[in-house]
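Fold and geometry: a report
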Amino acid sequence: MTARVEAAGLVRTFGARRAVDGLSFTLAPGDCLALFGPNGAGKSTALRMLAGLLSPSAGQARIEGVSLPRPEARARVGLISHRGMLYEALTARENVRFSAALHGLRDVEGAVQRALEQLRVADRADVPVRSLSRGLQQRVSIARAIVHGPDVLLADEPYTGLDEQGGAALTALLRERRAAGAALIVVTHHLHEGLALATHAAVMRAGRFARYERAEGLERDRYAAEYRELVA
Amino acid sequence: MNAAPGLLASAWTIARKDLAIEFRTRSAFLSALVLSLLAIVIFYFAWDPTAIRATDLAPGVLWVTFTFSGLLGLHRSFGVEQHDGAMDALLVAPVPRESIFLGKALANLAFVLGVQAVALPAVALFYNLPLDGRAFALLAGVMVLAALGLVSIGTMFAGMTANTRLAELLLPVLALPFFVPIVMPAAKLTAAVLAGRPFGEAVAWLRILLAFDLVFAYVCMLVFPFTLDD
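The text that follows walks through the structure, step by step, so that each part is easy to find. Quantities reported herein were computed from a predicted structural model and do not represent experimental measurements. (Residues numbered from 1 in each chain as written. Chains lettered and ligands numbered in written order. Predicted model: local features only at pLDDT ≥ 70, side-chain atom pairs only at ≥ 80, totals over all residues. Heavy atoms only, no water.)

Points about the overall build of chain A
As a reminder of what qualifies: Counting from the N terminus, the helices are the DSSP runs of H or I reaching at least four residues and the strands are the DSSP runs of E reaching at least two. Computation of the radius of gyration draws on C-alpha atoms, with the globule rule given as 2.2 Å multiplied by the number of residues to the power 0.38. Should any heavy atoms of two residues lie within 4.5 Å, those residues are counted as being in contact. To measure how exposed things are, a 1.4 Å probe is used in the Shrake-Rupley method; for residues, cover is taken only from the protein chains shown. Counting rule for charge: Lys and Arg are taken as positive, Asp and Glu as negative, and neither His nor the chain ends is counted. By convention, the point assigned to a charge is CZ for Arg, NZ for Lys, CD for Glu and CG for Asp.
For chain A, the helix and strand inventory stands at eight helices and 10 strands. A compact globule built from 232 residues would reach a C-alpha radius of gyration of about 17 Å, and chain A, at 17 Å, matches this within 12%. Once the C-alpha set of chain A is aligned to its principal axes, its extents read approximately 45 × 40 × 35 Å. The contacts of chain A with a sequence gap of at least 6 include a subset with a gap of at least 24, amounting to 67%. Looking at chain A as shown, the accessible area adds up to about 9,300 Å², and 47% of this sits on carbon and sulfur atoms. Positive and negative side-chain charges of chain A, numbering 31 and 25 respectively, have mean locations separated by a distance of 5 Å.

This is the structure:
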């Protein structure tokens, strides 16, 4: 079976600095990689390469066997970031609709409504984004990222700004996407949150995997203690 | 898998989104309009009608006004993408990068034409220009053609400079030299129309304008995707 995500020797340099230094891994349908690491470890850079936003200095990233940044590969990716990636003058519905239209969905309005309902923000759908709280904006941003039902969901600090209800909606959504066969990569500083979702866990340090293992059976408190020691 | 929209469909989606934002905020359009009217008024009060005829001065006034007011909208077109990282979402979407250029250029064209539609009658009024229906139609044609070239160049440089800290400064510095081959024939054609000379006399300028339009539009669309590379 073709891997959902395949990173082969990914390297990214900025001048003399190697932000990502030889990442290799594959994710099958239903896999979820929780990516931990201190600030500046290269997590976001790795994610941006896997979204097709940054070209690797060396190595290759593929989605469903298609090399990035080809449009066929990008079509299968949903990107959630701590930045909203929204237009504040447009309403929540217009933002999500714009994303749906760019993905060529047949039933745009239906998909938009479902995504907004899933993130429990449908009742504020026709309010300009600028009038929404930070947490609600993040929910709209997630709805924008999942409206096309991506096979690969890349989430960079997706819980930023979410309240308890929003966090629960996001966790439910990520579990549902996984169950539907999507592969997820979740970058987070919250170990327990990440491990609760993950099938694989990795710690990045100085652009490399300092640890990479299957998450099932990991004892969370012990992992947290080892993580703190590793990144200290 | 969903079928990603083609070049024109995605360009239209992007243009509609940009126009919706501009209609809602009106910030760039109003700024450009105020700048245009201010420039027209200032030129008017600095003008000595006994020294220079209105039909000789007006082409310069028009094209200085259009050039600088257009820059305001061009800068704004990528500013909305930078504000909350929306450009990332646009780049992840499975649309050809050329469609981003085309969509932005379409919205910018509407913006520049909107400003011109207000500024031309204002200049005609202030300078009491002898504009009959034929002259008005000819001028409108010249303005549309020139706007195509200005918008092509401006959109490409706006995209290129959007990520830089000095975008507002860099855009005019980079774009203005490339505006010259567009503005020069446009001003010459405007002067010919306003002076009531036979349009045939100015056909050479029309050819130059058309040639630069085609070259700039084609080259900018080809080059634009590379300006988005990190």
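Looking at a nonpolar patch on the surface
Residues and elements named next belong to chain B. Under the convention used in this document: For patches, a residue must show more than 30% relative accessible area and have no salt bridge; joins then use 9 Å for like charges and 5 Å for nonpolar side chains, namely Val, Leu, Ile, Met, Phe, Trp and Tyr. By definition here, a salt bridge exists when the distance from a side-chain nitrogen of Lys or Arg to a carboxyl oxygen of Asp or Glu is within 4 Å.
Judged by side-chain polarity, Leu35, Phe43, Val64, Phe68 and Leu72 come together as a nonpolar surface patch covering roughly 370 Å² of accessible area. Only α2 (27-46) and α3 (54-82) provide two or more residues apiece to the nonpolar patch. Here the element with the most residues in the nonpolar patch is α3; it accounts for three residues.

What to know about the side chain of Arg4 of chain A
Residue and element names in this part refer to chain A. Rule in force here: For the purposes of these results, a polar contact is taken to be a pair of N or O atoms within 3.5 Å, where, inside protein, one atom must be able to donate a hydrogen and its partner to accept one; residues adjacent in sequence count only when each atom of the pair is a side-chain atom.
The residue Arg4 is located in the segment before β1 (5-14) in this model. A distance of 2.2 Å separates a polar atom in the side chain of Arg4 from a polar atom in the side chain of Glu64. A distance of 2.8 Å separates a polar side-chain atom of Arg4 from the backbone oxygen of Gly181. In this structure, Arg4 is in contact with Leu27, Ala28, Pro29, Arg62, Ile63, Glu64, Asp151, Val152, Gly181, Ala182 and Ala183, ignoring residues within four places of it in sequence.

Describing the sheet that holds strand β2 (residues 17-27) of chain A
All names here are of chain A. Applicable threshold: By this definition, two strands are paired if DSSP reports at least two bridges between them. Note on method: axes are straight lines fitted to C-alpha atoms, helices fitted across the in-contact stretch only, with angles between N-to-C directions ranging 0 to 180 degrees.
With respect to topology, four strands assemble into an open sheet ordered β2-β1-β4-β5, the strand pairing being antiparallel. Looking along the sheet, the strands with just one partner apiece sit at the ends: β2 and β5 (66-67). Pairing of β1 with β2, which is carried by eight bridges, proceeds in the antiparallel orientation. Bridged to Phe14 within β2 is Arg17. Running over the sheet, helix α1 (residues 43-50) touches β1, β2 and β4 (58-63) and is turned about 120 degrees from β1.

Quick word on the packing of aromatic side chains
Formally: A pair of aromatic rings is counted whenever rings of Phe, Tyr or Trp (Trp by its six-membered ring) have centres within 6.5 Å, and the orientation is called stacked for planes under 30 degrees apart, edge-to-face for over 60 and tilted otherwise. The classification of residues rests on relative accessible area computed with a 1.4 Å probe and restricted to protein chains. Under 20% of the type maximum is buried, over 50% is exposed, and intermediate values are partly exposed.
Counted according to the given criterion, the structure contains 18 aromatic pairs over all chains. Here the aromatic rings of Phe36 of chain A and Tyr227 of chain A are separated by 6.2 Å at their centres, their planes lie at 65 degrees, and the arrangement is edge-to-face. Highlighted residues: Phe36 of chain A in strand β3 (residues 32-36) and Tyr227 of chain A in helix α8 (residues 220-231), separated in sequence by 191 residues. What makes Phe36 of chain A buried here is its relative accessible area of 0%. On the basis of relative accessible area, Tyr227 of chain A is assigned to the buried category, the value being 9%. Taken together, the aromatic side chains of Tyr44, Phe45, Trp47, Phe126 and Tyr127 of chain B make up a single cluster linked through ring pairs.

Regarding the sheet that holds strand β9 (residues 200-205) of chain A
All names here are of chain A. Spatially, the six strands line up as an open sheet ordered β6-β7-β8-β3-β9-β10, and their pairing is mixed. The open sheet is flanked by β6 (77-80) and β10 (208-214), the only strands paired with a single partner. When the angles between neighbouring strand axes are averaged without regard to direction, this sheet yields 15 degrees. Pairing analysis gives four bridges linking β3 to β9, with the strands arranged parallel. Paired with Leu33 across the two strands is His200, which belongs to β9. This element, α1, spans β3, β6, β7 (152-156), β8 (183-187) and β9 of the sheet and lies at about 150 degrees to β7. Where helix α6 (residues 164-179) meets the sheet, it contacts β3, β7 and β8, and its direction lies at approximately 150 degrees from that of β8.

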